[in-house]
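Coordinate analysis (summary)
Residue strings, one per chain:
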Amino acid sequence: MNSTLLNHRYRIVRSLGRGGFGETFLAQDTHMPSGRYCAIKQLKPTGNDPQVLQLIRERFAREAAIVESLGDGSDRIPTLYAYFSEGEQFYLVQEWIEGQTLANKVALEGPFDERRLRSLLGSLLSILEYVHSQGIVHRDVKPDNIILRKSDGEPVLIDFGAVRETMATTLSSTGHLTHSIVIGTPGFMSGEQAAGRPVYGSDLYSLGLTAIYALTGLTPQQMASDPQTGSLLWQQHVTGLSPQLVHLLDKAIESHPRDRFSGAREMRSVLENQALEHQKSKPSFTPPPFTPPPAYVTPATAATMAVPNPDLDVPMRSNQTPSGGTQKTIARAIAGGLVGVGTLVGIGFALNQPEAVLPEPPVVVVPEPEPEPEPEPEPLPEPEPLPEPEPLPEPEPELISFYFLADSAFQESNRARKQLDRLKDKGYQDAGMFWIPDYANLSGKRYTQVYAAVFNDLPTCAIALKSYGRENIDSYCALASTDANLSPNQLNAREALGNLEEEAPDADVSDDRPSPEQAVRDYYQTLNDDEYRTAWGMLSKSLRRNRDLHPNGYSDYSDWWESVDFVEIEEIATLEVEEETARVQAQLAYHMKEGNISPLSLQIKLAWDDRNERWMYESARVD
């Protein structure tokens, strides 16, 4: 690659690293007068299907535009200079950041102390706060993707995962687009991200483990975990940390996104508040007391301070005047203030006398005056006891109550989020979700409740339920409250509809009814589209109520289908059609997410739903 120019412009200098999706090079831009350096990321798709390659090109252009936008909005994300493709390979040309990765920094210089780590965390959280505000999840925050810039030491976040995910796009046998690889790094990747459902909190999880690496020099795989809770036992590898920082990092790496910080802004705010509290708790500096110098200098002390001068080495007669050199010596002594007045007198006496041995001067000792005794202070009067303060009343907890139109409940919050997105796509813009244990009057089950809408009273909710219940017969209205004494007042869809299913008038068999064969195809296509709630509504009432198959209703049904990648219909044929029922023979292949394929031959019984004019899945028997 060194012998040619990439895109007739970029000369490769050397390889910077290689990964599962390609290689990164240091290159020079020959079209720039400065011949500036840049980093070129070469990306290779995992498949070679022409249809998929065209889709990858389109997605690559969209993802490159996102990378460009992020780089333009922050000086700690590399600027995108260009992107292009050559053959079946794709290239991003980005700003070259000179510096060390955090991984290299720790390996060469050792772990960070708390002060350095807090500074690093604050900077990285500012970057993630900006990235998340643009609706982007990085997906691969780790020590190798953080460069400490040589010019100022600031961290720069590189290698966003969305572009690499585009390279993993493949086409399933049913013609659906999918991704062959989950983006992220084992050890630094959260559980929901490993399942292919990253959220903003996934980046905070990775950042927390990156911070722990900076403190310990160890990757998560090199540390033990609690066999009971699965929590990482990292604190035993580092000492001297404040409890506040330990708590901050422990919260960031909680296994469930719900238990982490709500976002980068909240985590940064907690970090900054901790720093302020730490600063306030520092003791103030008190300077040592000032000791004044001695009040005077004795002649003996002055003699020891005198500096010998070569001009004084020649003996002089008594009538001889001081030479110029001697006069200069005296002048320097006066100007420099080397000694006091007594020293000058001593020097003058020495200049006008023949050399002689001077007797030792008497040492004058000035006795310090005895301090006068201070008068005894008058005793202060005893302070009057203050009255006991009246205890403040305990603040009453805020009471929260509302009626909600329940859609479904999930043990895993990421599945609840997925269902919530489906409802919003269908037009239920007031849909939302909440954690059931937060409302004391409900069941207390550790589930996330998804609802289609909220209301102030039950009658209003019941009106909406009559319409919504036709799509989801298991929906209901209920009161959620933080007051445990209030009843949920649950109203089921069947009650709201007034048992219309049982009271529907008989209808003649019509020749323009949809075919049972098409009904079966529609059912499995709905499941392949991950529309589990809609597919659940395509089952007959008796099948939905079958507790042998679904002990917990829809939750068990959707849990099982989450393990299936897709169902392939190999053959299908209608066996018989009657006024109320039909039978269909289907040869199916269940492609499981674990990788195995389970062939199955089913004889499916359908029941006609006259009110909704459609076939319902009644039962199935394995042939």
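In this text the structure is predicted, and so the values were computed from the model without any measurement.

1. Considering the packing of aromatic side chains
Summed over the entire model, instances satisfying the criterion amount to 20 aromatic pairs. For the ring pair F404 and Y476, a centre distance of 6.2 Å and an interplane angle of 65° mean the geometry is edge-to-face. Separated by 72 residues along the polypeptide, F404 in strand β12 (residues 401–410) and Y476 in strand β15 (residues 476–481) bring together distant segments of the chain. Exposure remark for Y476: the relative accessible area of 19% places this residue in the buried category. An aromatic cluster is present here, built from F402, F404, F434, Y439, Y451 and Y476 joined pairwise through their rings. The ring of Y81 is capped by R36, whose NZ or CZ atom sits 3.7 Å from the centre of that ring. Above the face of the Y554 ring, R533 is positioned so that its terminal group lies 3.8 Å from the ring centre.

2. Description of the side chain of S475
Relative to the elements of secondary structure, S475 occurs in the loop between α13 (458–468) and β15. The exposure class of S475 is buried, given its relative accessible area of 1%. Each residue touching S475, except ones within four places of it in the same chain, is listed here: A406, L465, Y468, G469, N492 and A493.

3. So, α13
Those residues of α13 lying buried are C461, A462, L465 and Y468. Taken around the axis of α13, the buried residues stretch over an arc of 125°, which confines them to a single face. Counted as exposed and oriented over 90 degrees from the buried face of α13: P459, I463 and S467. Residues of α13 that are buried make contact with β12, α12 (413–425), β14 (448–455), β15, β16 (491–492) and α14 (493–496).

4. Considering the nonpolar core
Core analysis: the largest hydrophobic core is formed by 51 residues, its most contacted members being Y523, Y524, Y557, W561 and Y590. Counting residues per element, this core draws most heavily on strand β18 (residues 581–592), which supplies six residues. L102, W234, V246 and I253 belong to the second-largest nonpolar core, a separate cluster that totals 46 residues.

About the cut-offs
- Residues numbered from 1 in each chain as written.
- Predicted model: local features only at pLDDT ≥ 70, side-chain atom pairs only at ≥ 80, totals over all residues.
- Heavy atoms only, no water.
- Phe/Tyr/Trp six-rings, centres within 6.5 Å; stacked < 30°, edge-to-face > 60°.
- Helix = DSSP H or I, 4+ residues; strand = E, 2+ residues; numbered from the N terminus.
- Buried < 20%, exposed > 50% of the residue type's maximum accessible area, 1.4 Å probe, protein only.
- Lys NZ or Arg CZ within 6 Å of the ring centre and 35° of its normal.
- Contact = heavy atoms within 4.5 Å.
- Arc of directions from axis to C-beta.
- Core = buried A, V, L, I, M, F, W, Y, C linked by side-chain atoms within 4.5 Å.

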